[in-house]
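Below, each chain spelled out in residue letters.
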Amino acid sequence: HNICLYVTYSIEEAIELATTRLNDDIFIIGGAKIYNQMIDYVSHVYWTSVDTIVKGDTFLNKEELLRGFYPYKSVVVTDPLRYAFEEYKRIENGNS
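Residues numbered from 1 in each chain as written. Predicted model: local features only at pLDDT ≥ 70, side-chain atom pairs only at ≥ 80, totals over all residues. Heavy atoms only, no water.

> Summarise the overall build of the chain; cite the residues concerned and give the values.
Broken down by element type, the chain carries 3 helices and 3 strands. Ordered by position in the sequence, the α and β elements of the chain form the string α-α-β-α-β-β. Sequence-distant contacts in the chain: of pairs separated by 6 or more residues, those separated by 24 or more amount to 50%. With an accessible surface of roughly 8,200 Å², the chain has 51% of that area assigned to carbon and sulfur atoms. In the chain, which carries 9 positive and 14 negative side-chain charges, the distance between the mean positions of the two groups comes to 4 Å. (Helix = DSSP H or I, 4+ residues; strand = E, 2+ residues; numbered from the N terminus. Contact = heavy atoms within 4.5 Å. Areas by Shrake-Rupley, 256 points an atom, 1.4 Å probe, with all protein chains shown as cover. Lys, Arg positive; Asp, Glu negative; His and termini not counted. Charge placed at Lys NZ, Arg CZ, Asp CG, Glu CD.)

> With reference to specific residues and values, describe the sheet that holds strand 1 (residues 44-50).
Overall, antiparallel pairing links the 3 strands, which are arranged 1-3-2 in an open sheet. Taken across any chain shown, the strands that pair with only one partner, and hence form the sheet edges, are strand 1 and strand 2 (69-77). Strand-to-strand twist across the sheet, computed as the mean angle between neighbouring axes with direction ignored, equals 20°. (Pairing = 2+ DSSP bridges. Axes fitted to C-alpha atoms, helices over the stretch in contact; angles between N-to-C directions.)

> Lay out the nonpolar core with the relevant residues and their values.
Counting residues in each nonpolar core, the largest one holds 8 residues, listed as Ile39, Val42, Val45, Trp47, Leu65, Leu66, Phe69 and Tyr88. Excluding residues within four positions of it along the chain, Val42 makes contact with Ile28, Phe69 and Arg90. (Core = buried A, V, L, I, M, F, W, Y, C linked by side-chain atoms within 4.5 Å. Buried < 20%, exposed > 50% of the residue type's maximum accessible area, 1.4 Å probe, protein only.)

Encoded structure:
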């Protein structure tokens, strides 16, 4: 399986690339602003939570971002730091 990396510089360019030239899973990597701009275009969200306190000036509201999604899978790891990998899927037609 070949892995390709594409970098785009606008939401419109990313959507055009994803819908016309790619035929695979697409991962969006960014900060809170990028996630909020792209959430309407995704069917899955992969969320990693680390149980620690960090200093920062921008925070993402998980509950608000994931409205319209349901939890699908979750794995919690506690060695040595507690963290979780979670997968959410978009609710289609009111069904999960």
